[in-house]
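Chain by chain, the residues run as shown.
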Amino acid sequence: MRREELLDAAEGLLSDQGSSALTLAAVAERAGCSKGGLLYHFATKEALIKGMVERLIGEFDELVAAQGHDTYTKNYLAATFAAVQSGRLRRWAVVTGASGNLYLLTPLREAMARWHREGLESEPDPVAARIVRLACEGVWDVASHDPGLYDGRHYAELERRLLDLLGG
């Protein structure tokens, strides 16, 4: 549990004060623990950022798996809109923005490749599935730069139209 609290503290610090404020001492203080307690879980700032990235990937994988549609792309689509509308998007923007080091974002690049290849061979229309997955990336990007651009009604319409592209 302490590890999760430390990751929450780091994400909160990033969100409130930006990446320049992300120091191990600041995270420990925000989490209400000693720097030594933080170092037990995360030996470096890079390990902390990598932990945040890996947690986000895991949470999104769980969200995709929880959707219950008949294809991976429909699950991916539903998870994308669920994440964007729930405010999880802010966490992604903050965490990925914290890392100027490509090594730290390697798990995200690997997950992105997996998400865009997963189940394509079993999709009724693999090209439409690719288009929808790419559109989901566009939704993430636009919503991260201007979260208020679309409201729930707009997202519902976009999701419905993308679902139509998949044949239902």
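Look above for the structure.
Residues numbered from 1 in each chain as written. Predicted model: local features only at pLDDT ≥ 70, side-chain atom pairs only at ≥ 80, totals over all residues. Heavy atoms only, no water.

**What about the packing of helix H5 (residues 72-86) against helix H8 (residues 126-145)?**
Reasoning step 1: Direction vectors running N to C along H5 and H8 enclose 10 degrees, while the axes themselves pass 10 Å from each other. With respect to their mutual orientation, H5 and H8 come out roughly parallel. On H8, the residues that touch Tyr 72, Thr 73, Tyr 76, Leu 77, Thr 80, Phe 81, Ala 83 and Val 84 of H5 are Ala 129, Val 132, Arg 133, Cys 136, Glu 137, Val 139, Trp 140 and Ala 143.
Reasoning step 2: In terms of residue class, the contact of H5 with H8 is made up of 12 nonpolar, 2 polar and 2 charged. (Axes fitted to C-alpha atoms, helices over the stretch in contact; angles between N-to-C directions. Helix = DSSP H or I, 4+ residues; strand = E, 2+ residues; numbered from the N terminus. Parallel < 35°, antiparallel > 145°, perpendicular 65-115°, else oblique. Contact = heavy atoms within 4.5 Å. Nonpolar A, V, L, I, M, F, W, Y, C, P; charged D, E, K, R; others polar.)

**Considering the packing of aromatic side chains**
Any two aromatic rings considered together are summarised by their centre-to-centre distance and by the angle between their planes.
Reasoning step 1: For the structure shown, the criterion picks out 7 aromatic pairs.
Reasoning step 2: Where Phe 60 meets Trp 140, the ring centres are 5.7 Å apart and the plane angle is 75 degrees; that geometry is what we call edge-to-face. Residue Phe 60 is found in helix H4 (residues 45-65), and its partner Trp 140 is found in helix H8; the two are separated by 80 residues along the sequence.
Reasoning step 3: Through a chain of ring-to-ring contacts, three or more aromatic side chains come together here, namely Phe 60, Tyr 72, Tyr 76, Trp 115 and Trp 140. (Phe/Tyr/Trp six-rings, centres within 6.5 Å; stacked < 30°, edge-to-face > 60°.)

**Quick word on H5**
Since the α-helix turns once every 3.6 residues, residues separated by three or four places project in the same direction.
Reasoning step 1: With 15 residues, H5 ought to run about 21 Å at 1.5 Å a step, and its terminal C-alpha atoms sit 21 Å apart, in line with that.
Reasoning step 2: Most of H5 sits out of view: 12 of its 15 residues are buried.
Reasoning step 3: Residues Tyr 72, Thr 73, Lys 74, Asn 75, Tyr 76, Leu 77, Ala 78, Ala 79, Thr 80, Phe 81, Ala 83 and Val 84 constitute the buried set of H5.
Reasoning step 4: Of the residues one or two after H5, Gly 87 is the one with positive phi, at around 95 degrees. (Expected span 1.5 Å × (residues − 1). Buried < 20%, exposed > 50% of the residue type's maximum accessible area, 1.4 Å probe, protein only.)

So far we have only geometry, and geometry alone does not tell us how the molecule works.
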